[in-house]
Structures are given as structure tokens and as C-alpha cells.
Amino acid sequence: MVHAERAALIGVLERLDDARWDEPSLCAGWTVHDVVAHLADTARTTRLGFVLGLARARFDFDRQNARGVARERGASPRETLERLRRVAARRSTPPAPLDSRLVEEIVHGEDIRRPLGLSRSYPTEAVVRSLRLQVRTPASLGGARELVARTRLTATDADVSIGEGPEVSGPALPLLLAVCRRRVALDDLGGPGLAALAAAM
């Protein structure tokens, strides 16, 4: 599933004019080009490499990510795309659950597609696995456990209901994006818990 998402995104990127790579993504401060460089970096990451890189970044995830973007961002979109293409079939992973790779590919795929007015119909299993991982992972590790601690998330297009409290409902993909703090997804959600979730973001 991870490899399928990488391949699908590469297919989109191959058709983009270079100017569109400079458009802002949903990741604050990052362009589309930056997000592609980040995906190339994370696809290359190994368990040992992640630990060493984090130590060099003085255990600052943001600094580590910024260094990865700088390392993998080529002089042109075509160069960065070729770097992503070369690592697309890799199976290496940082010391995290395998489903974290799905989260990376789907959420960052949307970080790129949505600002460009593009869409993808993701496999339901991939989105659900990503959502379940995010809601059980603490914020200190990039998850949303605290964010949704008092909320029940219910997918309207999959057999998923997670948590206890006022309900937030909608398609699984916007739920995933919301727990990953992409406010653009809130427009696709509803329910009595939505205001509290939005305020916590």
C-alpha cells in the first residue's frame, strides 16, 4: 500500500508544471517542492539513520525534518522527483510502526494535492489503518492521542468508531487529516464534538 501511494503521487508530480511546485502546501511554511523532498527523505530513512539524525538535530523533530528537506531538495523539480522515484520501492523505515509510512504517504499526498485542486480515492483500508494509528499515538511522537482524548470519531464511509465523548463524524480521509491538524478538513466534518476538536487544533 505504501508503494502504491508513492507511485500514484509520482504519477501526479510528473504532470505538474514546474511553477506549481512553488505553491504552498498544507504544511505550514513548506511548498509542494518541500513536501516532495521530505517524502524522498523519509523513504530513505533507516532505523539507525533516524536515531543518529535526531541526535544530530538535538532531538528536535522540526530541525531534523528541515535538514532532510534541504538534503533531498534538488536544484529543480525534475531532480527532486527523480530522487523520489529512486527511493519509491524502498522498504526501510524509522523506528515506528509500519503504518506510520501510510500516514506519511496519504497525509503528505493530500498536503500536495488539495492546494493544487487535485484529488485521489484512497483505499479504505489504508486510510483506516492510518487513522487508527494516529489516534493511539501521543502528540510527542507526531500523533493525536491527546487531541481526540474526549471525542468519538465516526467514519461515515467505513466501519470505524473510535473513542468516547461528543461525536465528530464524516468520511475517513477528512477525519485522518483533521487529527493530523489539517484545518481544511473540518469543512467536511460535522457533529457535536466538532467545535471542541477545532478549538484543540
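None of these values were measured; they are calculated from a predicted model.

A.B. asks: Hey, could you run me through the pattern of salt bridges in this one?
C.D. replies: If the charged atoms of two oppositely charged side chains come close together, the side chains can form a pair. All told, the structure shown has 16 salt bridges when counted by the stated rule. Across the salt bridge formed by Arg-6 and Glu-105, the nearest N and O atoms sit 3.2 Å from each other. In this pair, Arg-6 is assigned in helix H1 (residues 2-13) and Glu-105 in helix H6 (residues 99-113), connecting sequence segments 99 residues apart. With respect to class, Arg-6 is no different from Glu-105; both count as buried. Through salt bridges with shared partners, one network takes in Glu-14, Glu-82 and Arg-85.

A.B. asks: What is the right way to look at the environment of Arg-182 in this model?
C.D. replies: Relative to the assigned elements, Arg-182 resides in the loop between helix H8 (172-179) and helix H9 (194-200). The sequence separation of Arg-182 and Arg-86 amounts to 96 residues, and the corresponding C-alpha distance is 29 Å. Among residues more than four places away in sequence, those in contact with Arg-182 are Leu-26, Cys-27, Val-107, His-108, Asp-111, Leu-177 and Met-201.

A.B. asks: Could you clarify how one ought to interpret the layout of surface pockets in this entry?
C.D. replies: Leftover empty space is mapped by rolling, across the atoms, a probe with the size of a water molecule. Its boundaries defined by the atoms lining it, the largest pocket holds a volume of some 1,600 Å³. In this structure, the largest pocket is lined by 48 residues; those nearest its centre are His-38, Phe-61, Asn-65, Glu-104 and Gly-142. Of all elements in the fold, only helix H2 (32-44), helix H3 (47-56), helix H4 (61-72), H6 and helix H7 (124-136) reach the threshold of two or more residues within the lining of the largest pocket. Element by element, the count of residues in the lining of the largest pocket is highest for H4, at eight residues. Within the lining of the largest pocket, the residues separate by chemical class into 21 nonpolar, 16 polar and 11 charged. What the second largest pocket holds in volume is close to 250 Å³. Together, Met-1, Val-2, His-3, Arg-6, Arg-90, Arg-91, Ser-92, Leu-98, Asp-99, Arg-101, Leu-102 and Arg-129 line the second largest pocket. Looking at the lining of the second largest pocket, the elements with two or more residues in it are H1 and H6.

Calculation notes
Residues numbered from 1 in each chain as written. Predicted model: local features only at pLDDT ≥ 70, side-chain atom pairs only at ≥ 80, totals over all residues. Heavy atoms only, no water. Salt bridge = Lys/Arg side-chain N within 4 Å of Asp/Glu carboxyl O. Helix = DSSP H or I, 4+ residues; strand = E, 2+ residues; numbered from the N terminus. Buried < 20%, exposed > 50% of the residue type's maximum accessible area, 1.4 Å probe, protein only. Contact = heavy atoms within 4.5 Å. 1 Å grid on protein atoms, 1.4 Å probe; cavity = no way out; pocket = protein on both sides within 12 Å on 5 of 7 lines; lining within 4 Å. Points joined across faces, edges and corners; volume = space filled by probe spheres on them. Nonpolar A, V, L, I, M, F, W, Y, C, P; charged D, E, K, R; others polar.

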